[in-house]
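Residue-level listing of the chains:
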Amino acid sequence: MWDYCFPRRIPFKFVPGPHLLHLRNTKYAGRDTSGKFVTVYPADEEQLHTVLRELGSLLEGFEGPYILTDLRWHDGPLYVRYGAFARMYVVDERGSLVPAVRDGSGTLVPDRRAPSFQVPEWVALPAFLEPHLAARNTTTVGELPYRIEKALHFSNGGGVYAGTDTRDGRKVVLKEGRPHAGLASDGADAIARLEREKWALEAVAGTGVVPEVRDWFTLGDHRFLVMDFVAGRPLNSFFAERHPLLSPDPDPRAVAAYTAWAVSIHRAVECAVEKVYARGIVFNDLHVFNIMVAPDEESVFLIDFEAAAPAEENGRQVVAHPGFFAPPDRRGADVDRYALACLRLALFLPVTTLLVVDRGKAAHLAEVIAQQFPDVPREFLDEAVAEITRDVCGTGAPVGGTGAPEQVPSAPASRVEPGDWPHSRDSMIKAILASATRARRPALPRRRRPVLGWRRPRPRARRGRRPVRPGGGRRRTPRRGRTLAPGPHRPGSDGHPARSVRRSRGRRPHPRPARTPAAGPRPGRRYPARTLAASVLGPPGRPGRPRPGAGATGRHDRRVGTARAGRRGRRPPRTSPRRTGAGRARRRAGLMRGASGPALFLLRRYRGDRRACAAGGGRRGAAAGPGVLCRA
């Protein structure tokens, strides 16, 4: 693309890395941006046609994911869409800020990026694209022996649809797989995972815990797996209607009934997983959305075998729910065993996503469950905690077998009772200080007093030249996170890790003159303060420069006038307001344009006056020079 576009001066953009491109094509990536690697911006329709013909011949034979929002050019990886070149936004009918494009009259309208190719009503499709649109519309589901009734789920890998077999009237589910899209962590696309699911379902057929495979076909480069429709609902849907803790004062009888039902459901799920493992299959993606509870609310089915794998491979998990994500040391049957342990806690407290951060939290969740659900057997929770918190040092045993791998208990959980803020605060402080290692960059910030987040270089003498005057030099890039981060310590203070960090970065501390409260503003900071005051209080025509003839006294008077005007609740008059339209003043946003700016200014002036009074024996205004703002 570079060799083609750059010599021809054709603008283009691209995803700057393989990892970012992989993330854009994962299973749950946005379908409106999936598959897009390089975007070319031709000048007109003639150049568009030329680019499509020339690039089409250069890229012939290459494959790529189908871009749902665009129109495909022949059979290659080129797609075309009408949209905005520049980044523009507009508020849609729902009040949301969305990307915009100009219509035929020049008005900004929402730039629709639905997962289907659409031509705006004010645009005429070029003649050289009409055959490709006609070819696209020839792919339909009208000739299939299935009547699709509704969509059950959509992802970047394809959709899941409920339908009916027109040959015998049986309810079926059609699962779609798109080529080169919906990538997993192992690089497998949606078709590879769908083939994996077909193989696993056929291997465990007849067990009564999985749907039966009925058909397998291809339509428009997309693969479809047809399965029997499983009556029932996902397990997660029962929490909203049956969980007793949804009530602030649950009935003890409701708590006991839910406990008995949850324990029985977990036993049924465990038996279903054992039947699958008996056929040499590891499920690898067990969670509350992949467990279907039958209408009798006792028996269960397992669905979505995209991540299933042979047990002898002893592989790692490639796709997972965040609340059931196994640690990296779990392989093979240990992945399903870990998910079953998480399910024991999730049936009562569906917050197992916390275990991704700290598996030791499982012990705390078990204690809460034991308090809220007293009828839960203690061994039911202890086994779950032991499985979640253990470290694996061997090969996994069968899910239903008697053997178990060697277990090494992990560190005990550090639980904090609600309301123990001092302990939490001190713990966070220790973590921040402990993270300041020699290899970490940036180090702990040194407290600064910036002017609007930017600083000037320190004065230093140059060999053979005059010393640089205080405050001289050019502006530098703002140091985000350093100039705005407060801290009571300075590098080199006793016991503070910033001392070793500073030395590791090779900087020597800069000697600063001693300063007392009576010394006024910090030396070397007056010029930035004058520039800031002139840009805020001076005419808006030339920001950053003081007005000619405006000395320190004039600036002081104007600042005092501004402060007094802010105290009276009104804004000071502007010397030359900007006008737009029919002489109306344009309202501008920003910290120094609204009420927050005067409030911040008054606060800083109040602090400066108090410090000046303390230093000068009650002389108010002693520190009202142009360096007061440097205290920010």
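Up top is the structure.
Quick summary incoming for the structure in this document.

Definitions and limits used
- Residue positions are counted from 1 within each chain, in the order its sequence is given.
- Only residues with pLDDT of at least 70 get local features here, since the model is predicted, and only at 80 or more are side-chain atom pairs given and counted; chain-wide, interface and lining totals rely on the full set of residues.
- Side-chain measures here rest on the full set of heavy atoms in the structure, leaving out hydrogens and waters.
- Runs of E in the DSSP output that reach at least two residues are strands. Runs of H or I that reach at least four are helices, and both are numbered from the N terminus.
- Think of it in three bands: with a 1.4 Å probe and only protein chains considered, a residue is buried below 20% of the maximum accessible area for its type, exposed above 50%, and partly exposed in between.
- The contact definition used throughout considers only heavy atoms, calling two residues in contact when any of these lie within 4.5 Å.
- Under the convention used here, a 1.4 Å probe and the Shrake-Rupley method define accessible areas, while residue burial counts only the protein chains that appear.
- Strand pairing follows a simple DSSP-based rule, namely that at least 2 bridges must link the two strands.
- Lines fitted to C-alpha atoms define the axes, with helix axes restricted to the stretch in contact, and inter-axis angles between N-to-C directions lie between 0 and 180 degrees.
- Ring pairs shown here join Phe, Tyr and Trp side chains whose ring centres sit within 6.5 Å, with only the six-membered ring taken for Trp; geometry is labelled stacked below 30 degrees between planes, edge-to-face above 60, and tilted in between.
- Criterion for a charge above a ring: Lys NZ or Arg CZ within 6 Å of the ring centre, and within 35 degrees of the ring normal.

**Structural notes on the overall build of the chain**
Then step 1. Counting its secondary structure elements, the chain contains 15 helices and 21 strands.
Then step 2. Split into buried and exposed, the 632 residues of the chain put 37% on the buried side.
Then step 3. The contacts in the chain between residues at least 6 apart in sequence include a share of 56% that link residues at least 24 apart.
Then step 4. Here the chain has roughly 36900 Å² of accessible surface; of this, 53% comes from carbon and sulfur atoms.

**Concerning the sheet that holds strand E15 (residues 291-293)**
Then step 1. Taken in spatial order, the 3 strands make up an open sheet running E13-E15-E16, and their pairing is antiparallel. Each end of this open sheet is capped by a strand with a single partner; those strands are strand E13 (233-234) and strand E16 (300-302).
Then step 2. Pairing of E13 with E15 involves 2 bridges; the strand directions are antiparallel. Among the inter-strand pairings, Pro234 is bridged to a residue of E15, identified as Met292.
Then step 3. Its contacts with the sheet put helix H7 (residues 252-278) on E15 and E16, and the angle it makes with E16 is roughly 40°.

**Looking at the sheet that holds strand E12 (residues 222-228)**
Then step 1. As summarised here, the arrangement of the 5 strands in space is E8-E9-E10-E12-E11, forming an open sheet in which the pairing is antiparallel. Looking along the sheet, the strands with just one partner apiece sit at the ends: strand E8 (146-155) and strand E11 (213-219). Averaged over neighbouring strand pairs, the angle between their axes works out to 25° when direction is ignored.
Then step 2. On top of the sheet, helix H5 (residues 190-203) reaches strand E10 (171-177), E11 and E12; it is set at about 25° to E12, its chief contact.

**Points about the pairing of E10**
The side chains of a regular strand alternate between both faces of the sheet.
Then step 1. Taking burial as the measure, the 7 residues of E10 include 6 buried ones, the bulk of the element.
Then step 2. As judged from the 5 bridges shared by strand E9 (residues 158-165) and E10, these two strands associate in the antiparallel manner. Looking at E10, one finds that Gly163 is bridged to Val172.
Then step 3. Counting the residues that bridge the hairpin from E9 to E10 gives 5 residues, and of these Gly169 lies at a positive phi of roughly 80°.
Then step 4. Sheet analysis places E10 next to E12, joined by 6 bridges and oriented antiparallel. Within E12, the position partnered with Val172 by the bridge is Asp228.

**With respect to the packing of aromatic side chains**
Then step 1. For the coordinates displayed, the defined rule picks out 17 aromatic pairs.
Then step 2. Between Phe154 and Tyr161, the ring centres sit 5.8 Å apart and the planes meet at 80°, which makes this aromatic pair edge-to-face.
Then step 3. Relative to Trp261, the ring of Tyr258 has its centre 5.7 Å away and its plane inclined at 45°; by these criteria the two rings are tilted. Taken together, the residues Tyr258 and Trp261, both in helix H7 and 3 residues apart, mark about one turn of the helix. Across the pair, exposure class does not vary: Tyr258 and Trp261 are buried alike.
Then step 4. Members of the aromatic cluster, joined through ring pairs, are Phe238, Tyr258, Trp261, Phe348, Phe373 and Phe380.
Then step 5. One residue, Arg233, lies across the ring of Phe238, its end atom 4.2 Å from the ring centre.
Then step 6. Above the ring of Phe380, the side-chain terminus of Arg344 is found at 4.7 Å from the ring centroid.

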